[in-house]
Amino acid sequence: MNAEGRSRLDQLPEWTALGKHREQLGKVHLRELFERDPGRAERYTLRVGDLHLDYSKHLVTDETLRLLGELASATGVAELRDAMFRGEKINITEQRSVLHIALRAPGSAVIKSDGENVTPAVQSVLTKMGTFADRVRSGDWKGHTGKRIKTVVNIGIGGSDLGPAMAYEALRAYTHRDMQFRFVSNVDGADLHEAVRDLDPAETLFIIASKTFTTIETITNATSARDWLLSGLRAGGEAVAQHFVALSTNAEKVTEFGINPDNMFEFWDWVGGRYSFDSAIGLSLMVAIGHERFREMLAGFHLVDEHFCSAPLHENAPLLLGLLGIWYGNFWDAQSHAVLPYSHYLSKFTAYLQQLDMESNGKSVDRDGHRVNWQTGPVVWGTPGTNGQHAYYQLLHQGTKLIPADLLGFAEPVADLQPGLVPQHDLLMANLFAQGQALAFGKTPDEVRAEGMAEELVPHKTFPGNRPTTTILAKELSPSVLGQLIALYEHKVFVQGAVWNIDSFDQWGVELGKVLAKRVEPALTDGAEVPGLDASTAGLVAKYRALRGR
Ligand code: F6P
């Protein structure tokens, strides 16, 4: 037993039982599983809100699911979930509640952090955001020279960028098409340069999104944006008020930067950066889609929150997806997980999930401070279909690695698609279905031979199949459906962290690089001596300076 009274994961009988079960399954093939069990596709399909989820193309049997369910019970997933919803400080290394679920709870909900109901504050910020969004959308909010705002530039990084940027792309069809929205994150000046070079400062609004308001990339870009604005307007600091708003937990730093606290939209330390786009961090999205649509999105999140808390194992989508990931990562040696959306609008979805999953579960020390003896979070990757099919799907189909994948698609194209383009949608979706089929069932040597193939080419043209996928289908990519999808993945990540017994809500692994960059920067700029710099980095610094003529 460890300090929390929980045995180490790899010593649990439920873990050992899964290992044995994996051995017994041996070289099981999905073809065989489907042949043996005609009811499989129907049984391994579930519905959550508007999401239809088919997990039948997984290398599992009823027994696998039973054993995975037992593992979830033995590792206290439900208990940790309930503790999270109760506002307990389950982010143990930072001693914080983890309450992103409160951001989308109804106004009548009572959810406490440190004994205080957080719902009224959440609702009050949402109302303030709604009023602001309406004013910008209607043109009532004017810039310093009296012009209406035409372009909103969100400056933030990590969770303060990826969420709103992803959701803006996802919900393009619902956005105010007469306005432009841009997202700047990289400290590479090129990012801001390209974002503003064709803009009129008089018509531009900057939203500075930073939970801490100390993140070097964001503060550097925000400072440069302020310089660009003031010099473009030939104005003094008084112009900032009409062109800069802040989204942050840190009122002091926001004021120090020169933004009026009235123009700050607050959130709280119990909202993790990568779980924050349904907080004030979503302001740019709200301006883009309007507050009613934003609320629809929140309702979608909430629907899945409730489902996660109440559905039994076989119907609990986040629980199942989390456990399936554990099955492959811990018992099939899968190292990565592909997320393949068949929607151009989800072009930033996987990048968003990379932070959600990899910053949450990329840990190798458990909640008690012991090094883990088991694999934790996978490498998450992927791009929209069908582009990936002409790039890396070769490896998915015939490579030596097992890469479980999620295939996401929508029955309807977006409502405002040009009518002439609508027929392409069936072709897009046919590709999704075909890929799931090919990955699962492949093509046997006999099937290749039956096509009259020369014998020496048969091995090359054979598809082994047995590549597991989950297919997630919805009627359309609406704000609510987007909320449902994100909550599904948030809770999946939660389940995995709970089983692995890691703190999914801190991110200490990003700190060292930040400190070292600060230490090295003066060496690049002024040639300052950096004590203790290793020979390789010192050589690179010297080369850089020489190339810059310094
Ligand atoms: O990458 C580390 C991190 O702290 C993320 O967790 C966070 O989303 C990002 O930096 C940005 O932080 P902030 O919103 O405080 O600027």
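As the structure is a prediction and not an experimental result, all values here were calculated from the model.

K.L.:
For this particular structure, what's the right way to read the packing of aromatic side chains?
P.N.:
How two aromatic rings sit relative to each other is set out by the distance from centre to centre and by the angle between their planes. Following the criterion strictly, the structure yields 23 aromatic pairs and no others. For the pair Phe244 and Phe257, a centre-to-centre distance of 6.2 Å together with 50° between the ring planes defines the contact as tilted. In this pair, Phe244 is assigned in strand β8 (residues 244-248) and Phe257 in helix α11 (residues 251-257), connecting sequence segments 13 residues apart. Take Phe244 and Phe257: they sit in the same class, and that class is buried. Relative to Phe505, the ring of Tyr275 lies with its centre 5.4 Å away and its plane at 50°, an arrangement referred to as tilted. In this pair, Tyr275 sits in the loop between β9 (264-266) and α12 (283-289) while Phe505 sits in the loop between α20 (479-500) and α21 (511-526), placing the two residues 230 residues apart along the sequence. Each residue in the set Trp15, Trp327, Tyr328, Phe331 and Trp332 is aromatic and connected to the rest through ring pairs, giving one cluster. When the ring centre of Trp332 is taken as origin, the NZ or CZ atom of Arg22, which lies over that ring, is 3.4 Å away. Cation over ring: Lys128 sits above Phe265, and NZ or CZ is 5.1 Å from the ring centre.

K.L.:
Would you mind going over a nonpolar patch on the surface with me for this structure?
P.N.:
A surface patch of nonpolar side chains, about 270 Å² in accessible area, is lined by Leu512, Val515 and Leu516. Secondary-structure assignment places Val515 in helix α21.

K.L.:
Which parts of the structure should I look at to understand the domain arrangement of the chain?
P.N.:
Many structure descriptions define interface size as the accessible area lost when the parts assemble. According to the domain assignment, the chain consists of domain 1 (29-88 + 311-502), domain 2 (100-293) and domain 3 (510-548). Using only C-alpha atoms to locate each centre, domain 1 and domain 2 end up separated by 33 Å. Across the boundary between the two partners, domain 1 contributes 28 residues, which contact 23 residues of domain 2. Summing both partners gives a buried area of about 2,200 Å² for domain 1 against domain 2, and 61% of it is carried by carbon and sulfur. Linking domain 1 with domain 2 are 3 salt bridges, by the criterion used here. With its nearest N and O atoms 2.9 Å apart, the salt bridge here joins Arg274 to Glu359. In this structure, the connection of domain 1 to domain 2 is made through 7 residue pairs in polar contact (both at pLDDT 80 or more). The set of elements that each furnish at least two residues to the side of domain 1 that touches domain 2 consists of α5 (77-85), α15 (349-361) and α20. In the side of domain 1 that touches domain 2, the residues fall into 15 nonpolar, 6 polar and 7 charged.

K.L.:
What is the right way to look at the sheet that holds strand β5 (residues 151-155) in this model?
P.N.:
Across a sheet, paired strands are connected by hydrogen bonds in the backbone, their directions being either parallel or antiparallel. Taken in spatial order, the 5 strands make up an open sheet running β6-β5-β7-β8-β9, and their pairing is parallel. The sheet terminates laterally at β6 (180-184) and β9, the two strands that pair on one side only. On average, adjacent strands in this sheet sit at an angle of 20° to one another, irrespective of strand direction. Taken together, the 5 bridges between β5 and β6 define a ladder with parallel strand orientation. Note that in β6 the partner of Asn154 across the bridge is Phe183. Packing of helix α6 (residues 119-138) onto the sheet brings it into contact with β7 (204-209), β8 and β9, and relative to β9 it is tilted by some 145°. This element, helix α8 (residues 189-196), spans β5, β6 and β7 of the sheet and lies at about 170° to β6.

K.L.:
Explain the site of the ligand to me, please; I cannot follow it from the model alone.
P.N.:
Near the ligand lie 13 residues; those nearest to it are Ser160, Ser210, Lys211, Thr212 and Thr215. Thr215 is positioned with one of its side-chain polar atoms (N or O) 2.5 Å from an oxygen atom of the ligand. Contact between the ligand and Glu359: an oxygen atom at 2.8 Å from a side-chain N or O atom of the residue. Within the complex, 87% of the 390 Å² of free accessible area of the ligand lies under protein. A majority-of-atoms criterion places the ligand in the largest pocket. For the shell around the ligand, a count of residues per class yields 2 nonpolar, 9 polar and 2 charged.

K.L.:
Would you mind showing me how to read helix α22 (residues 535-547) here?
P.N.:
Residues three or four positions apart in an α-helix share a direction because the helix packs 3.6 residues into each turn. For α22, built from 13 residues, the straight-helix expectation of 18 Å at 1.5 Å per residue is met to within 8% by its first-to-last C-alpha distance of 18 Å. Of the residues that open α22, the one with a side-chain oxygen 3.1 Å from the backbone nitrogen of Ser536 is Asp534. Just beyond α22, the residue with positive phi is Gly549, at close to 70°.

K.L.:
Is there a simple way to explain empty space enclosed by the protein in this structure?
P.N.:
Rolled over the atoms, a probe sized like a water molecule indicates the empty space that remains. Following the criterion strictly, the structure yields 4 cavities of 30 Å³ or more and no others. Roughly 60 Å³ of volume is contained in the largest cavity. His58, Leu321, Leu324, Gly325, Tyr328, His337, Pro404, Asp406, Thr470 and Lys492 together form the lining of the largest cavity. It is helix α14 (residues 317-331) that contributes the most residues to the lining of the largest cavity, 4 residues altogether. Broken down by class, the residue content of the lining of the largest cavity amounts to 4 nonpolar, 4 polar and 2 charged.

Conventions we followed
- Residues numbered from 1 in each chain as written.
- Predicted model: local features only at pLDDT ≥ 70, side-chain atom pairs only at ≥ 80, totals over all residues.
- Heavy atoms only, no water.
- Phe/Tyr/Trp six-rings, centres within 6.5 Å; stacked < 30°, edge-to-face > 60°.
- Helix = DSSP H or I, 4+ residues; strand = E, 2+ residues; numbered from the N terminus.
- Buried < 20%, exposed > 50% of the residue type's maximum accessible area, 1.4 Å probe, protein only.
- Lys NZ or Arg CZ within 6 Å of the ring centre and 35° of its normal.
- Patch = residues over 30% accessible without salt bridge, like charges linked within 9 Å, V, L, I, M, F, W, Y side chains within 5 Å.
- Areas by Shrake-Rupley, 256 points an atom, 1.4 Å probe, with all protein chains shown as cover.
- Salt bridge = Lys/Arg side-chain N within 4 Å of Asp/Glu carboxyl O.
- Domains from an automatic or database assignment.
- Contact = heavy atoms within 4.5 Å.
- Buried area = accessible area lost by both parts, 1.4 Å probe.
- Polar contact = N/O pair within 3.5 Å; in protein donor to acceptor, adjacent residues only side chain to side chain.
- Nonpolar A, V, L, I, M, F, W, Y, C, P; charged D, E, K, R; others polar.
- Pairing = 2+ DSSP bridges.
- Axes fitted to C-alpha atoms, helices over the stretch in contact; angles between N-to-C directions.
- Near = heavy atom within 4 Å.
- 1 Å grid on protein atoms, 1.4 Å probe; cavity = no way out; pocket = protein on both sides within 12 Å on 5 of 7 lines; lining within 4 Å.
- Sits in = over half its atoms within 2 Å of the grid points.
- Expected span 1.5 Å × (residues − 1).
- Points joined across faces, edges and corners; volume = space filled by probe spheres on them.

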